[in-house]
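# Inside the fold
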Amino acid sequence: MEGARAADHPLVLFGESDIPALKIKIQSEPCLGWWETLKSRADAALVIDFTDPALSEYDKSIDTSCLAFAFLMTDDTTYRDKGIEALTNIGNGSFDGLMFNWHAGVIGTNYGLAYDWLYNEMTPDQVDTVQNKTRGLGEMCRRTISVVRDDPIEGPWYSGDYWTGHGGTHGNQRLLPESGLGIMAIALDDYSHPTYGSAEEWRNFVRDHYFGTTYPELYSPYLEKMTPGGVYNEGFSYHIDSSHALYPYLLAELRRGEITIDQVEPLLSSWVALAMPNFKMPVFEDSFMSNVIADITDFAAQ
């Protein structure tokens, strides 16, 4: 079993050389507002006991990434130590009330980013714990890929129903968990485990599923579901919902050079075009009105 190379971290959304510029960006809008919100959550997380089995894994994963990012921006080891406490207790909390369709991607994205941002601060034993413990990153990836392949050898731990891909129509139900899987796999770099599988396998699966033809027997690549203007054709509320995990994944793959800007430019441009002045997205109550609303928002984006 191999861990990611320490010299490569952080590697998912930015590198170590980018951190000084990020510290400058968070001092002015729009990044200042985002940073203040994130730091407030990190501050609140400092008093949480992350060994508590009653904690929601969804909430805990967000707390963990906020603590990790706060450490990178402030160099305050209080955030680092609490983030490592949370990360080494990955999977020890509760999955009650969570649904694989909607929550797996956010959990995977946040834990993957926190692992990437705190890797260089962890001991080898801590890295091994996060990667290989029961319900650690390795097993999360294994279970996620088994479900989205419609071959749930072991289902997820979520108490809610989960969609297996069999006869499903709503692409965002698979985009969220797959994007979270992609982030975890990129963060894990050259990780390999005899039971769980390898990060390379998981990365290839997600990238092929979005942009390739390796798995056409399951469903079409993601970009086939886009209108010419870059709007997801099940409706813009689904477009926004899917983006929470999809955008970090796409940016990570762009940074790695595994995809080109031409492949995702319409999608990214539609997001920018329809954003409000504060860069947040308006609320679209268009669920299940797919084609009509997609046509309208597609026109607006252009």
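Located above this text is the structure these notes cover.
The structure contained in this document is the topic of the report that follows. Worth saying up front: this structure is predicted, and the values here are computed from it rather than measured. Once a new chain begins, its residue numbering starts again from 1 and follows that chain's sequence as written. Two thresholds apply to this predicted model, a pLDDT of at least 70 for residue-level local features and 80 or more for giving and counting side-chain atom pairs, whereas whole-chain, interface and lining totals are computed over all residues. Side-chain figures throughout are based on the complete set of non-hydrogen atoms in the structure, without hydrogens or water.

## Thoughts on unusual backbone geometry
- P10 follows H9 through a cis peptide bond whose omega is -5 degrees.
- A run of H or I in DSSP counts as a helix once it spans at least four residues, and a run of E counts as a strand once it spans at least two, with each numbered from the N terminus. Counting through the fold element by element, P10 comes out in the segment before α1 (19-25).
- Cis geometry is adopted by the peptide bond preceding P30, which originates at E29 and carries an omega value of 5 degrees.
- Mapped onto the fold, P30 is located in the loop between α1 and α2 (31-45).
- Positive phi outside glycine occurs at D75, with the angle close to 60 degrees.

## Section: the environment of T144
- Structurally, T144 is set in helix α7 (residues 137-148).
- Measuring from C-alpha to C-alpha, the distance between T144 and E178 comes to 7.6 Å, with 34 residues separating the pair along the chain.
- Leaving out residues up to four positions away in the same chain, T144 has contacts with F100, P177 and L181.
- Within 3.5 Å is the distance limit for a polar contact, defined as a pair of N or O atoms, with the added protein rule that one can donate a hydrogen and the other accept it, and that residues adjacent in sequence qualify only through two side-chain atoms. Reaching out from T144, the side chain makes a polar contact with the backbone oxygen of M140 at a distance of 2.7 Å. For this analysis, residues touch if any pair of their heavy atoms sits within 4.5 Å.

## Some thoughts on the nonpolar core
- Within the largest apolar cluster, 69 residues are counted, with the highest numbers of intra-cluster contacts made by V12, L87, Y115, L137, L188 and W202.
- Ranked by residues supplied to this core, first place goes to helix α5 (residues 100-118) with 10 residues. Grouping buried Ala, Val, Leu, Ile, Met, Phe, Trp, Tyr and Cys residues that are joined through side-chain atoms within 4.5 Å yields what is termed a nonpolar core. Any residue under 20% of the maximum accessible area for its type is buried, any over 50% is exposed, and the rest in between are partly exposed; the area is computed with a 1.4 Å probe on protein chains only.

## Some points on the pattern of salt bridges
- Note on definitions: salt bridges are taken to be side-chain nitrogens of Lys or Arg within 4 Å of carboxyl oxygens of Asp or Glu. Enumeration according to the criterion identifies 13 salt bridges in this entry.
- Close ionic contact of K82 with E85 constitutes a salt bridge, the shortest N to O distance being 3.1 Å. Of this pair, K82 and E85 both sit in helix α4 (residues 77-88), separated by three residues, roughly a single helical turn.
- Using a relative accessible area of 13% as the deciding quantity, one classes K82 as buried.
- The class for E85 is partly exposed, based on a relative accessible area of 24%.
- When the shortest N-O distance is used, the salt bridge between R143 and E139 registers 3.1 Å. With a gap of four residues between them, R143 and E139 both fall in helix α7, about one helical turn apart.

## Some remarks on the packing of aromatic side chains
- In this analysis, rings of Phe, Tyr and Trp, with Trp reduced to its six-membered ring, are considered paired at centre separations within 6.5 Å, and the interplanar angle assigns stacked below 30 degrees, edge-to-face beyond 60, and tilted for intermediate values. Applying the stated criterion to the full structure yields six aromatic pairs.
- With a centroid separation of 5.5 Å and an interplanar angle of 75 degrees, the aromatic rings of Y115 and Y119 are classed as edge-to-face. Grouping residues by exposure puts Y115 and Y119 together as buried.
- Members of the aromatic cluster, each reached through a chain of ring pairs, are F14, W35, F69 and W117.

## Quick notes on the environment of Y58
- Tracing the chain through its elements places Y58 in helix α3 (residues 57-74).
- Residue Y58 is classed as partly exposed on the basis of its relative accessible area, which comes to 25%.
- Along the primary structure Y58 and D96 are separated by 38 residues, whereas in three dimensions their C-alpha atoms are 9.9 Å apart.
- Once residues lying within four places of it in the same chain are set aside, the contact partners of Y58 are L98, H103, V106 and I107.

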